[in-house]
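Here are the chains, one letter per residue:
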Protein chains: 2
Amino acid sequence: VSSAAESVQTVGLFAGRHVIAELDRVDPMLLNDELFLRRAVQQVLHRAGATVLTVVSKRFCPQGVTVLALLSESHASLHTYPEFSSMFVDVFTCGTRADPERAVRLLAEALGNPPIRIETIQRGWQKDEGHT
Amino acid sequence: VSSAAESVQTVGLFAGRHVIAELDRVDPMLLNDELFLRRAVQQVLHRAGATVLTVVSKRFCPQGVTVLALLSESHASLHTYPEFSSMFVDVFTCGTRADPERAVRLLAEALGNPPIRIETIQRGWQKDEGHT
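All of the points below concern the structure found in this document.

Rules and cut-offs
Note on numbering: residues in each chain are counted from 1, in written sequence order. For this description, chains carry letters from A and ligands carry numbers from 1, given in the order in which they are written. Local features in this predicted model are restricted to residues whose pLDDT is 70 or higher, and side-chain atom pairs enter the listing and the counts only when it is 80 or higher, whereas totals over whole chains, interfaces and linings include all residues. Water and hydrogen atoms were dropped before computing side-chain values, which therefore reflect all heavy atoms in the structure. Strands pair, by our definition, only if DSSP identifies at least two bridges between them. Numbered from the N terminus, helices here are DSSP runs of H or I no shorter than four residues, and strands are runs of E no shorter than two. Fitted lines through C-alpha atoms give the axes, limited to the stretch in contact for helices. The angle between two N-to-C directions lies from 0 to 180 degrees. Comment on the angle field: the value is read as roughly parallel under 35 degrees, roughly antiparallel over 145, roughly perpendicular from 65 to 115, and oblique elsewhere. By definition, turning the near helix anticlockwise from the far helix through less than a right angle yields a left-handed crossing, and turning it clockwise yields a right-handed one. Should any heavy atoms of two residues lie within 4.5 Å, those residues are considered in contact. Under the convention adopted here, Pro, Cys and the residues Ala, Val, Leu, Ile, Met, Phe, Trp and Tyr are nonpolar, Asp, Glu, Lys and Arg are charged, and Gly plus all remaining residues are polar. In short, buried area is how much 1.4 Å probe accessible area vanishes from two parts on joining, totalled over both. Between Lys or Arg on one side and Asp or Glu on the other, a salt bridge is scored when a side-chain nitrogen of the former is within 4 Å of a carboxyl oxygen of the latter. In protein, a polar contact means a hydrogen-donor-capable atom and an acceptor-capable atom, both N or O and within 3.5 Å, with residues adjacent in sequence counting only if both atoms are side-chain atoms; elsewhere, any N or O pair within 3.5 Å suffices. Any pair of Phe, Tyr and Trp rings, taking the six-membered ring for Trp, is counted once the centres come within 6.5 Å. Such a pair is stacked with planes under 30 degrees apart, edge-to-face with planes over 60 apart, and tilted for the rest. Buried, partly exposed and exposed residues are distinguished by accessible area as a fraction of the type maximum, computed with a 1.4 Å probe on protein chains only: under 20%, between the cut-offs, and over 50%, respectively. Each ring is checked for a lysine NZ or an arginine CZ that lies within 6 Å of its centre and within 35 degrees of its normal; such an atom marks a charge sitting over the ring.

### A closer look at the pairing of strand β2 (residues 52-59) of chain A
Residues and elements named next belong to chain A.
Now for step 1: When β2 meets strand β3 (residues 65-71), the two strands line up antiparallel, connected through seven bridges. Within the sheet, the bridge partner assigned to R59 lies in β3 and is V65.
Now for step 2: Hairpin geometry of β2 and β3 is characterised by an intervening segment of five residues between the two adjacent antiparallel strands and by a positive phi of about 105° at G64.

### Some thoughts on the packing of helix α3 (residues 34-47) of chain A against helix α4 (residues 100-110) of chain A
Residue and element names in this part refer to chain A.
Now for step 1: It is the contact of α3 with α4, at a shortest axis distance of 8 Å, that shows an interaxial angle of 140°. Classed by the angle they form, the pair α3 and α4 counts as oblique. Both α3 and α4 take part in a crossing whose hand is right-handed. Contact with α3, carried on its side by F36, A40, V44, L45 and R47, involves R102, A103, L106, L107 and A110 of α4 and no other residues of that element.
Now for step 2: Classifying every residue of the contact of α3 with α4 gives eight nonpolar, no polar and two charged.

### A few points about the interface of chain A and chain B
Now for step 1: With 44 residues of chain A at the contact, the number on the chain B side is 44 residues.
Now for step 2: Surface buried jointly by chain A and chain B totals about 3400 Å² across both partners, of which 66% is contributed by carbon and sulfur atoms.
Now for step 3: Among the ionic pairs, D90(A) bridges to R123(B), the shortest N-O distance being 3.1 Å.
Now for step 4: Across the chain A-chain B interface, the total number found is 16 residue pairs in polar contact (both at pLDDT 80 or more).
Now for step 5: It is strand β5 (residues 86-94) of chain A that provides the largest number of residues to the side of chain A that touches chain B, a total of seven residues.
Now for step 6: Partitioning the side of chain A that touches chain B into residue classes produces 22 nonpolar, 14 polar and eight charged.

### Details of the environment of P28(A)
Residue and element names in this part refer to chain A.
Now for step 1: Structurally, P28 is set in helix α2 (residues 28-31).
Now for step 2: C-alpha separation for the pair P28 and S85, spaced 57 residues apart in sequence, amounts to 5.3 Å.
Now for step 3: With sequence-adjacent residues up to four places away left out, P28 is seen in contact with P82 and S85.

### Points about the environment of T80(B)
All names here are of chain B.
Now for step 1: Examined against the element boundaries, T80 turns out to sit in strand β4 (residues 74-81).
Now for step 2: The contact partners of T80, leaving out residues within four places of it in the chain, are L31, L37, G64, V65, S86 and M87.
Now for step 3: Polar contacts involving the side chain of T80 include one to the main-chain carbonyl oxygen of L31, which spans 2.6 Å.

### What to know about the packing of aromatic side chains
Now for step 1: By the definition in use, this model includes 13 aromatic pairs over all chains.
Now for step 2: When the centroid spacing of 5.2 Å and the interplanar angle of 75° are considered together, the rings of F14(A) and Y81(B) count as edge-to-face. Residue F14(A) is located in the loop between α1 (2-11) and β1 (15-23), and its partner Y81(B) is located in strand β4; the two belong to separate chains. Across the pair, Y81(B) and F14(A) agree in class, each one buried.
Now for step 3: Aromatic side chains F14(B) and W125(B) sit 4.7 Å apart centroid to centroid with 55° between the ring planes, which places their arrangement in the tilted category. Of this pair, F14(B) sits in the loop between α1 (2-11) and β1 (15-23) while W125(B) is found in the segment after β6 (116-124), placing the two residues 111 residues apart along the sequence.
Now for step 4: Owing to a relative accessible area of 17%, W125(B) belongs among the buried residues under this scheme.
Now for step 5: Three or more aromatic residues joined by ring pairs form one cluster here, namely F14(A), F92(A), W125(A), Y81(B), F84(B) and F88(B).
Now for step 6: A cation over a ring is seen here: K58(B) above F60(B), with NZ or CZ 5.9 Å from the ring centre.

### Some words on α4(A)
In an α-helix, one full turn covers 3.6 residues, which means residues spaced three or four apart are oriented alike.
Residues and elements named next belong to chain A.
Now for step 1: Looking at α4, one finds that the buried residues are P100, A103, V104, L106, L107 and A108.
Now for step 2: The secondary structure elements touched by the buried residues of α4 are β1, α3, β4 (74-81), β5 and β6 (116-124).
Now for step 3: Residue D99 occupies the N-cap position of α4, its side-chain oxygen lying 3.2 Å from the main-chain nitrogen of E101.
Now for step 4: Positive phi appears at G112, one or two residues downstream of α4, with a value of about 90°.

### Here we look at the sheet that holds β4(A)
Each strand in a sheet pairs with its neighbour through backbone hydrogen bonds, running either in the same direction (parallel) or in the opposite one (antiparallel).
Residue and element names in this part refer to chain A.
Now for step 1: Overall, antiparallel pairing links the six strands, which are arranged β2-β3-β4-β5-β1-β6 in an open sheet. The open sheet has two edge strands with one neighbour each: β2 and β6. If you compare each strand with its neighbour and ignore which way they point, the axes differ by 10° on average.
Now for step 2: Pairing between β1 and β5: eight bridges, direction antiparallel.

In structure tokens:
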């Protein structure tokens, strides 16, 4: 189907957008809920156009959760700190189909729209840079 | 032992260093060698003071490998593009025990010291910023 062809074309460039974010004042109960966070990550990535291939997670003692998602388009991660009601989020995607900023904003929505700091880094070769 | 106590103290802050890097002119054979890359990631992270809990990887068709490592200190990732002899690397660590820049430099060493672009982002609350 056409999405496969598109995926080959756009994912095949050495370029991508890496969104790094921090969410504050999140309910600590949610930040310790490994299953909720795994599902939320999968759902928001899917809605943002990414293809999730594998998800791994770990609940730390006494608190905190890490979730990593291996994507066709690169990866996503979250690391929670319930003791500070805060979390780190990364979504790195190559190609144009997936929207990493949208994934982060959807995740914030799933967590009750907490305050968020977000930064987008362009990685790889930019259009005006070429490849020598 | 003392390292456990240290780990709790330093990993327990909402702060970390995220190193993002691009390596160019790497042997495409190595960039397609999933097992080599998995082992290299584990070794360099260990040597850089990080604790690797889980590693997942994927060999893409027709080419390219992704490796994700879930760390006690956060995560590491690499995404290879053999068709461009290039790779993206991230190492994000909380606390002071692991040295993410050292991990990236050791990885470059394992790949024959190719040209490297490296950037370090301070994440979370900085010392002068506090937490309100």
